[in-house]
Amino acid sequence: MLEEYDGRVRLVFKDRPLAMHTLARAAHEAARCAGAAGKYWAYHDRLFAAQPAFRRSDLLTYAAELGLDRDAFAKCVDERRFAADVERDIEQAQALGINSTPTFLINGRPVIGATSIEEFRSIIDRALQERR
Amino acid sequence: MGTATSYPRFVNRLSRCAARSPRVYYSWLGAVLAVLVLASSPSRALAQIELSWTPSMIKGPASAPVTIVEFSDYQ
């Protein structure tokens, strides 16, 4: 969809692991470890494809599949190097009243829950028109 | 025995209020509730929160006229 809009849309991903998903937080922290190694989006896609297999060994395997240094990645995950960053995203979500996922803010306008591609196009087109 | 006009002004006002249809009061109550709901709605909170962004978690140019912020859970 970003390609379709060719430079007119920017996507910002924010971590919002829900408390009931016990393995999610570790996965979000691991994704940031992958990001620090330059593979955020590849790892992000891998996690969505693999959900909910997010045990430590799974997370390390996905990193290795993407060519990341397994030991360095394991160290990052075990140290919980990005725990505070994930926590900050959660706090921001909570401050916004975002308690379900996915929730999108399109130029600040909330769109809650899974939304069809057509609906998304329509909202984005409207946002683009407003910016003209 | 005096007429209504001989009572103090606030008594007359109260009796006029009592004579109005309850619908008048329901509509006022509705308006007050609407204001309270709007005041506590997420859109009001959205304007007050500054979001921090991590460069590696962004796709697309900073100049893009539309920004989609996605809060999501991998699990």
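What you see is a predicted model, and the numbers here were worked out from it, not measured in a lab. Chains are numbered independently. Their residues run from 1 in the order of the written sequence. By the order in which they are written, chains take letters starting at A while ligands take numbers starting at 1. It should be noted that, the model being predicted, local features are given only for residues of pLDDT at least 70 and side-chain atom pairs only at 80 or more, the latter also being counted only at that level, while totals for whole chains, interfaces and linings use all residues.

*Asks:* Provide a residue-level description of the pairing of strand β1 (residues 9-15) of chain A, including the pertinent values.
*Replies:* Buried residues are those with 20 or more other C-beta atoms within 10 Å of their own C-beta, exposed residues have 12 or fewer, and partly exposed residues lie in between; C-beta atoms are placed from the backbone. Helix numbering and strand numbering both begin at the N terminus, where a helix is a DSSP run of H or I of at least 4 residues and a strand a DSSP run of E of at least 2. For β1(A), the buried fraction is high: 5 of the 7 residues fall into the buried class. As judged from the 7 bridges shared by β1(A) and strand β2 (residues 66-72) of chain B, these two strands associate in the parallel manner. Counterpart to D15(A) in the pairing with β2(B) is S72(B). In this structure, β1(A) lies alongside strand β1 (residues 58-59) of chain B, joined through 2 bridges in antiparallel fashion. In this analysis, strands are considered paired if DSSP registers two or more bridges between them.

*Asks:* Kindly report on the packing of helix α4 (residues 56-65) of chain A against helix α5 (residues 70-79) of chain A, identifying the contributing residues and their values.
*Replies:* Residues and elements named next belong to chain A. Note on geometry: axes are C-alpha line fits, over the in-contact stretch for helices, and angles between N-to-C directions span 0 to 180 degrees. Where α4 meets α5, the closest approach of the two axes is 9 Å, and the angle between their N-to-C directions is 140°. When the axes of α4 and α5 are compared, the pair comes out oblique. Crossing hand, α4 versus α5: right-handed. Every residue of α5 that contacts α4 at R56, L59, L60, A63 and A64 is listed here: R70, F73, A74 and V77. Ten residues, namely Ala, Val, Leu, Ile, Met, Phe, Trp, Tyr, Cys and Pro, are considered nonpolar, four, namely Asp, Glu, Lys and Arg, are considered charged, and the remaining ones, Gly among them, are considered polar. Split by residue class, the contact of α4 with α5 holds 7 nonpolar, no polar and 2 charged. We call two directions roughly parallel when the angle between them is under 35 degrees, roughly antiparallel when it is over 145, roughly perpendicular when it lies between 65 and 115, and oblique otherwise. Rotating anticlockwise by less than a right angle from the far helix to the near helix defines a left-handed crossing, while the corresponding clockwise rotation defines a right-handed one. Any two residues are considered in contact once their C-beta atoms, placed from the backbone, lie within 7 Å.

*Asks:* Please give an account of the sheet that holds strand β2 (residues 103-106) of chain A that cites residues and values.
*Replies:* Across the sheet, which stays open at both edges, the 5 strands sit in the order β3(A)-β2(A)-β2(B)-β1(A)-β1(B) with mixed pairing between neighbours. The open sheet has two edge strands, β3 (109-112) of chain A together with β1 of chain B, and neither has a second partner.

*Asks:* Residue-level account of the environment of S116(A), with values.
*Replies:* In this structure, S116(A) sits in the loop between β3 and α7 (117-131). Distance from S116(A) to I98(A), taken between C-alpha atoms, is 20 Å for residues 18 residues apart in sequence.

*Asks:* I'd love a proper account of the interface of chain B and chain A, names of residues and values included.
*Replies:* With 27 residues of chain B at the interface, the matching set in chain A holds 46 residues. Taken together, the elements giving at least two residues each to the side of chain B that touches chain A come down to α3 (42-46), β1 and β2 of chain B. For the side of chain B that touches chain A, the leading source of residues is β2(B), giving 7 residues. Here the side of chain B that touches chain A is built from residues that sort into 17 nonpolar, 7 polar and 3 charged.

*Asks:* Help me get a handle on the confidence of the model for chain B, residues and values and all.
*Replies:* Residues and elements named next belong to chain B. Across chain B, the average pLDDT comes to 69, with 47% of residues at 70 or higher. Confidence of the predictor in every single residue is expressed as pLDDT, which spans 0 to 100. Across chain B, the secondary-structure element scoring lowest on mean pLDDT is helix α2 (residues 22-39), at 47, and the one scoring highest is β2, at 97. In this model, residues 27-45 is a region of pLDDT below 50 whose contacts with residues beyond four sequence positions or in other chains number 7 contacts. We note a pTM of 0.75 for the whole complex and an ipTM of 0.93 for its interfaces.

*Asks:* Outline the packing of helix α2 (residues 24-36) of chain A against helix α6 (residues 83-95) of chain A, supporting the account with residue identities and numerical values.
*Replies:* All names here are of chain A. Remark: α2 packs on α6, axes separated minimally by 9 Å, with the N-to-C direction vectors making an angle of 115°. Considering the relative orientation of α2 and α6, their crossing is right-handed. In this structure, α2 contributes R25, H28, E29 and R32 to the contact, and α6 contributes A83, D85 and V86. Of the residues contributing to the contact of α2 with α6, the split by class is 2 nonpolar, 1 polar and 4 charged.

*Asks:* Talk me through the nonpolar core; I want residue IDs and the actual numbers.
*Replies:* If you look at soluble globular proteins, the nonpolar side chains tend to sit buried side by side. In this description, a nonpolar core means buried residues of the types Ala, Val, Leu, Ile, Met, Phe, Trp, Tyr and Cys, linked to one another by C-beta atoms lying within 7 Å. With 35 residues, the main nonpolar core has A27(A), A30(A), A34(A) and L59(A) as its most contacted residues. Secondary structure elements with two or more residues in this core: β1, α2, α3 (40-50), α4, α5, α6 and β2 of chain A together with β2 of chain B.

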